[in-house]
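Understanding the architecture of this molecule
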Amino acid sequence: RFPKSKRLSEVEQLSARMAFRNKDYARSALVANSGGDPALASMKAASLARTGNAREASVNFESAARSYSGKGEKEAASAAWLSGADARFASGDYKGAADAYKKGLEAADQKDTDARSWALYRLAASYSRLGMKDSEEEALKELKALGGEFGAWSEKIHEKPKSL
């Protein structure tokens, strides 16, 4: 009946931030308006991903990435693109994931080899699932040029389990 006031929107955003800090992701994902704040859009996207809504999460991550890019924040834009790509990958949208991984790699700092190696690894995995062997080989070649097939993110894969 009455339009939402700016204050009401601010209270909703603050409530969502508090819910996120308290790991109440379902409540945090309910924020309706990020107010043009890419950090809030990223938070909402992370909440959506953690509650199993990967498709909607990817849309919000990509919106945040475009906002960060518009503000000249390449590092944050890259992180948002790569998180959106991970969400697309989780939902089985390998074509969308590959596109987002490429955008994230374009925006990524060349010195951030951990983020780049993860993105290249997942890009190759996306291409593999799409049956695009030549593109998969290119991504793996670029990954190898970074110094190997694995980065710090892969250490957990090689640890021996403490118990079964």
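**With respect to the confidence of the model for the chain**
Confidence in the prediction for the chain averages 85 pLDDT; 85% of positions are at 70 or higher. In the model of the chain, helix α9 (residues 155–158) stands out as the element of lowest mean pLDDT, 48, in contrast to helix α6 (residues 94–107), which has the highest, 95.

**Points about the packing of aromatic side chains**
Evaluated as defined, the whole model comprises three aromatic pairs. Pairing F20 with Y25 gives two aromatic rings, centres 5.4 Å apart and planes at 70°, and the pair type is edge-to-face. Owing to a relative accessible area of 23%, F20 belongs among the partly exposed residues under this scheme. Relative accessible area serves as the criterion here: at 18%, Y25 is assigned to the buried category. Note on F89 and Y94: the rings are 5.1 Å apart at their centroids and 70° apart in plane angle, and the pair reads as edge-to-face. Judged by relative accessible area, which is 11%, F89 ranks as buried. Under the relative-accessibility criterion, Y94 is labelled partly exposed at 23%.

**Brief notes about the pattern of salt bridges**
The full count for this structure, using the stated rule, is eight salt bridges. Between D93 and R88 there is a salt bridge, with its nearest N and O atoms 2.6 Å apart. Put simply, E62, R88 and D93 are held in one network by salt bridges that share partners.

**Re the packing of helix α5 (residues 74–91) against helix α7 (residues 113–130)**
At a minimum axis distance of 11 Å, the contact between α5 and α7 shows a crossing angle of 30°. By the angle between their axes, α5 is roughly parallel relative to α7. Regarding α5 and α7, the two cross each other, and that crossing is left-handed. Taking contact as the criterion, the partners of L82, D86 and F89 in α5 are, on α7, A115, W118, A119, R122, A125, S126 and R129. Counted by class, the contact of α5 with α7 contains six nonpolar, one polar and three charged residues.

**Focus: helix α8 (residues 133–145)**
If you check α8, its first and last C-alpha atoms are 18 Å apart, about what 13 residues at 1.5 Å a residue would give, namely 18 Å. Turning to α8, its buried residues number three or more, namely E136, A139 and L143. For α8, the angular spread of the buried residues around the axis is 65°, confining them to a single face. The exposed set on the far side of α8, more than 90 degrees from its buried face, consists of D134, K141, K144 and A145. Looking at the buried positions of α8, the neighbouring elements they touch are α7. One or two positions beyond α8, positive phi appears at G147, with a value near 120°.

**A word on the packing of α6 against α7**
Closest axis-to-axis distance for the α6/α7 pair is 9 Å, and the angle between their directions is 155°. On the basis of the axis angle, α6 is roughly antiparallel to α7. Like other packed secondary-structure pairs, α6 and α7 cross with a definite hand, here left-handed. Mapping the contact onto sequence places Y94, K95, A97, A98, Y101, K102 and L105 in α6 and R116, A119, L120, R122, L123, S126, Y127, R129 and L130 in α7.

**What about the environment of M43?**
Relative to the elements of secondary structure, M43 occurs in helix α3 (residues 38–50). Separated by 21 residues in sequence, M43 and A64 have C-alpha atoms that sit 9.4 Å apart. Once residues lying within four places of it in the same chain are set aside, the contact partners of M43 are A16, R17, F20 and S28.

What counts as what
- Chains are numbered independently. Their residues run from 1 in the order of the written sequence.
- In keeping with the model being predicted, local features are shown solely for residues with a pLDDT of at least 70 and side-chain atom pairs are shown and tallied solely at 80 or more, while totals for entire chains, interfaces and linings include all residues.
- No hydrogens and no water enter the side-chain calculation; it runs on all heavy atoms of the structure.
- One confidence number per residue, pLDDT, is output by the predictor and ranges from 0 to 100.
- Comment: elements are numbered from the N terminus, with helices defined as DSSP H or I runs of at least four residues and strands as E runs of at least two.
- Pairing of aromatic rings covers Phe, Tyr and Trp, the last counted by its six-membered ring, and requires centre-to-centre distances within 6.5 Å; plane angles under 30 degrees mean stacked, over 60 mean edge-to-face, and any other angle means tilted.
- Burial status follows relative accessibility: with a 1.4 Å probe on protein chains alone, a residue under 20% of its type maximum counts as buried, one over 50% as exposed, and anything between as partly exposed.
- We count a salt bridge whenever a side-chain nitrogen from Lys or Arg sits within 4 Å of a carboxyl oxygen from Asp or Glu.
- To get an axis, a line is fitted to the C-alpha atoms, and for a helix only the part in contact is used. The angle between two axes follows their N-to-C directions and goes from 0 to 180 degrees.
- We call two directions roughly parallel when the angle between them is under 35 degrees, roughly antiparallel when it is over 145, roughly perpendicular when it lies between 65 and 115, and oblique otherwise.
- Definitions for this section: a left-handed crossing has its near helix turned counterclockwise from the far helix by less than a right angle. A right-handed crossing has that turn clockwise.
- Contacts between residues were defined by any pair of non-hydrogen atoms, one from each residue, lying within 4.5 Å.
- Any residue that is not Ala, Val, Leu, Ile, Met, Phe, Trp, Tyr, Cys, Pro, Asp, Glu, Lys or Arg is counted as polar, Gly included; the first ten are nonpolar and the last four charged.
- The span you would expect from a helix comes to 1.5 Å times its residue count less one.
- Our arc is simply the arc of the directions from the helix axis toward the C-beta atoms.

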